[in-house]
Amino acid sequence: MKRFDYLAPNNLDEALLMLSERPEATALAGGTNVLVQLKEKHREASALLSLKRIPELHQLHAGEGLHIGAAVTLHQLAADPTVRRDYAALAAAAGLIGSVQTRNMATVGGNICNASPSADTAPPLLALKAQAVLISVRGTRTIALEEFFTGPGETALQSGE
């Protein structure tokens, strides 16, 4: 594995600034996909930007729909009483992914942004007509998840988002 810089912002504004300065950086939430891809040389990265310290990205709450931060773990999603009651298929899908250890590290954002054809949370999120909120220093845009996926392993994420 090649060497890379590790960026660890403490808030969303700091993360966006770092991404604008290092647009080639790869966002890292749980790391269960990205780190394996780096080790197996399926991906290269000169910098990893950790999302772990950003409180806004750990939020999971229901209001007008369900709001899932990119750093919400699959365990959190599967165990949440509201998700289990009102979004049972999503809770079930999140609860089926990998081992307990994987679910404790893996995130919804990573599962979606990896755009794997086998992403277990994608089918229920697509059926629920989920939207992705993409943020950069240029602003915020919302895109339907069905448009977010552009091909196997490919998304509509733009540089700095």
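To start, this report covers the structure provided alongside it. (Residues numbered from 1 in each chain as written. Predicted model: local features only at pLDDT ≥ 70, side-chain atom pairs only at ≥ 80, totals over all residues. Heavy atoms only, no water.)

### Considerations on the overall build of the protein
Across its full length, the protein carries nine helices and nine strands. The dimensions of the protein, computed from C-alpha atoms along their principal axes, are 45 × 35 × 30 Å. Long-range pairs, those at least 24 residues apart, make up 48% of the contacts in the protein between residues at least 6 apart in sequence. Only carbon and sulfur atoms are counted for the fraction: they give 53% of the accessible area of the protein, which is about 9,100 Å². For the protein, the centre of its 14 positive side-chain charges and the centre of its 16 negative side-chain charges are spaced 7 Å apart. (Helix = DSSP H or I, 4+ residues; strand = E, 2+ residues; numbered from the N terminus. Contact = heavy atoms within 4.5 Å. Areas by Shrake-Rupley, 256 points an atom, 1.4 Å probe, with all protein chains shown as cover. Lys, Arg positive; Asp, Glu negative; His and termini not counted. Charge placed at Lys NZ, Arg CZ, Asp CG, Glu CD.)

### Description of unusual backbone geometry
In this structure, K41 is a non-glycine residue whose phi angle is positive, near 60°. Tracing the chain through its elements places K41 in the loop between α2 (34-39) and β3 (47-50). Phi is positive for A115, which is not a glycine, with a value near 55°. Here A115 shows up in the loop between α7 (108-113) and α8 (122-127).

### Observations concerning the pattern of salt bridges
All chains considered together, the criterion is met by five salt bridges. For E44, the salt bridge is made with K2, and the minimal N-O distance between the two is 3.7 Å. Here E44, found in the loop between α2 and β3, pairs with K2, found in the segment before β1 (5-7); they are 42 residues apart in sequence, far enough to count as distant. Under the relative-accessibility criterion, E44 is labelled exposed at 63%. (Salt bridge = Lys/Arg side-chain N within 4 Å of Asp/Glu carboxyl O. Buried < 20%, exposed > 50% of the residue type's maximum accessible area, 1.4 Å probe, protein only.)

### A short note on the environment of H75
Of note, H75 is situated in helix α3 (residues 74-79). Assessed through its relative accessible area of 41%, H75 is described here as partly exposed. Sequence separation between H75 and V100 is 25 residues; the distance between their C-alpha atoms is 7.8 Å. In contact with H75, not counting residues within four places along its chain, are R103 and N104.

### Section: helix α1 (residues 12-21)
Within α1, the full set of buried residues consists of L12, A15, L16, M18 and L19. Projected down its long axis, α1 carries its buried residues within an arc of 160°, all on one side. Exposed residues on α1 whose side chains face more than 90 degrees from its buried face are D13 and E21. Where the residues of α1 are buried, they touch β1, β3 and β6 (131-136). Two or three places before D13, at the opening of α1, N11 has a side-chain oxygen 3.2 Å from that residue's backbone nitrogen. (Arc of directions from axis to C-beta. Polar contact = N/O pair within 3.5 Å; in protein donor to acceptor, adjacent residues only side chain to side chain.)

### Considerations on the sheet that holds β1
Judged by pairing direction, the sheet is parallel, and its three strands sit side by side in the order β1-β3-β2 without closing on themselves. Where the open sheet ends on each side, the last strands, each with one partner, are β1 and β2 (26-28). Adjacent strand axes in the sheet meet at a mean angle of 30°, parallel and antiparallel pairs treated alike. (Pairing = 2+ DSSP bridges. Axes fitted to C-alpha atoms, helices over the stretch in contact; angles between N-to-C directions.)

### Some details on the nonpolar core
If you look at the biggest cluster of nonpolar residues, it comprises 23 residues, and the most contacted ones within it are V108, I112, L125, L145 and F148. Among the elements of the structure, α3, α5 (88-96), α7, α8, β6 and α9 (145-148) are those that each provide at least two residues to this core. Setting aside chain neighbours within four positions, we find I112 in contact with T121, A122, L125, L145, F148, F149 and T155. Membership of the second largest hydrophobic core comes to 14 residues, among which are M18, A25, A29 and L57. (Core = buried A, V, L, I, M, F, W, Y, C linked by side-chain atoms within 4.5 Å.)

The values are spatial; any link to function lies outside them.
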